[in-house]
Amino acid sequence: MINQFFPNVTMDDLITATNETLYMTLISVAGTFILGLLLGLLLYLSGPGGLWQNKILNWITASVVNIFRAIPFIILILLLFPFTDFLIGTIRGPKAALPALIIGGAPFYARLVEIALKEVDKGVIEAAKSMGAKSSTLIFKVLLPESMPALVSGITVTAIALIGYTAVAGAIGAGGLGDFAYFYGFQRSDFDVVFICTILIVFIVFIFQFIGDFVSRKLDKR
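This text gives an overview of the structure that appears in the document. (Residues numbered from 1 in each chain as written. Predicted model: local features only at pLDDT ≥ 70, side-chain atom pairs only at ≥ 80, totals over all residues. Heavy atoms only, no water.)

**Some points on empty space enclosed by the protein**
Quick reminder of the rule: Cavities and pockets were defined on a 1 Å grid built over protein atoms only: a cavity is a set of grid points that admits a 1.4 Å probe from which the probe cannot escape, a pocket is an open set flanked by protein on both sides within 12 Å along at least five of seven lines, and lining residues are those with an atom within 4 Å of any such point. Grid points are joined across faces, edges and corners, and a volume is the space filled by probe spheres set on the points. In DSSP terms, a helix is any run of H or I states spanning at least four residues, a strand is any run of E spanning at least two, and both are numbered starting from the N terminus.
One pass over the structure, following the stated rule, counts 1 cavity of 30 Å³ or more. Considering only enclosed or pocket space, the largest cavity measures out at about 100 Å³ in volume. If you go around the largest cavity, you meet 14 residues; those closest to its centre are I77, F81, I91, A96 and A97. Those elements that place two or more of their residues in the lining of the largest cavity are α5 (81-88) and α6 (94-118).

**Some details on the nonpolar core**
Rule in force here: Put simply, buried Ala, Val, Leu, Ile, Met, Phe, Trp, Tyr and Cys residues joined by side-chain atoms within 4.5 Å make one nonpolar core. Under the scheme applied here, a residue whose accessible area is under 20% of the maximum for its type counts as buried, over 50% as exposed, and between as partly exposed, the area being computed with a 1.4 Å probe on protein chains only. Contacts are assigned to residue pairs with any non-hydrogen atoms lying within 4.5 Å of each other.
Membership of the largest hydrophobic core comes to 43 residues, with the highest contact counts inside it found for L41, F73, L101, I125, L143, L151 and C197. In terms of residues, this core owes the most to one element, helix α8 (residues 135-170), which gives 11 residues. When near neighbours in sequence (up to four residues on either side) are disregarded, F73 contacts A100, L101, Y165, V168 and A169. L43, A62, V65 and A106 belong to the second-largest nonpolar core, a separate cluster that totals 6 residues.

**Quick look at a nonpolar patch on the surface**
Counted only if it meets this: Here, patches come from residues exposed beyond 30% relative accessible area and free of salt bridges, joined within 9 Å for like charges and within 5 Å for nonpolar side chains (Val, Leu, Ile, Met, Phe, Trp, Tyr). Per-residue and other accessible areas follow the Shrake-Rupley method at a 1.4 Å probe size, with only the shown protein chains counted as cover for residues. Should a side-chain nitrogen of Lys or Arg be within 4 Å of a carboxyl oxygen of Asp or Glu, the pair is scored as a salt bridge.
A contiguous nonpolar patch, built from F203, I207, F210, I211, F214, V215 and L219 and spanning about 640 Å² of accessible area, is present on the exposed surface. Mapped onto the elements, F210 comes out in helix α10 (residues 191-219).

**Side note on the layout of surface pockets**
Rules: The nonpolar class holds Ala, Val, Leu, Ile, Met, Phe, Trp, Tyr, Cys and Pro. Asp, Glu, Lys and Arg form the charged class, and all remaining residues, Gly among them, are polar.
There is about 200 Å³ of room inside the second largest pocket. In terms of lining residues, the second largest pocket is bounded by V29, F33, M148, L151, V152, I155, T156, A159, F208, I211, G212 and V215. Breaking the lining of the second largest pocket down by element, the ones donating at least two residues are α2 (11-46), α8 and α10. Top contributing element to the lining of the second largest pocket by residue count: α8, with 6 residues. Across the lining of the second largest pocket, the residue classes break down as 10 nonpolar, 2 polar and no charged.

**Some points on the side chain of T84**
Tracing the chain through its elements places T84 in helix α5. According to the relative accessible area criterion, T84 is buried, its value standing at 3%.

**Focus on α6**
Since the α-helix advances by 3.6 residues per turn, residues separated by three or four positions end up pointing in the same direction. Applicable threshold: Expected helix span is computed as 1.5 Å times (number of residues minus one). To obtain the bend at a residue, axes are fitted to the seven residues ending there and to the seven starting there, and the angle between these axes is taken.
Across its 25 residues, α6 extends 36 Å between first and last C-alpha, which sits within 8% of the 36 Å expected from 1.5 Å per residue. The sharpest bend along α6 measures roughly 30° and falls at A106, with the proline P107 sitting one to four residues further on. For α6, a buried count of 19 out of 25 residues is recorded, marking the element as mostly surrounded by other parts of the structure.

Listed below in structure tokens is the structure:
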């Protein structure tokens, strides 16, 4: 039936492209969550009034985050070609897109983590400090649990941005729906291919948004 409405779409190629997009998204979201969480914690803890207050460390971390946030993703991919080739052994395919996706997404998420941590009730932190809680206890028993709904909302927003990044990466040979839409649709003027890829990307976005909202609501104790 799909061939009736989308005559230029090959189902096997479409399924492969969809799987590649999901692969790139899921792996990059996991990597972005870990790296972005570490950077966000470092920004918060080394900032004014933080547990590890340190102007130099905070300035260095903030500078790294701001620089990588400012670089357009398509340029970041090109800049990282030598690093990607060294790390992955190729600059083409879904695996090759992962370093750029994670390095591009982590600074964005780091700022969302910092904002989420700043919204934690100061009274809860002070109460834990007065009970002699160590830094590790404050981080893992107070800060992260209290900010978890906001952290989940933040990674949901970041995941949706990363889905868009995978489409951009696809246009320069990373595979996925972006690659399929550009090389098999746009360049051949087969716009039914572009249209079906757009529908699938929007559908994937809706799925991630639904899951993120559901988890965030479940974690929110208010």
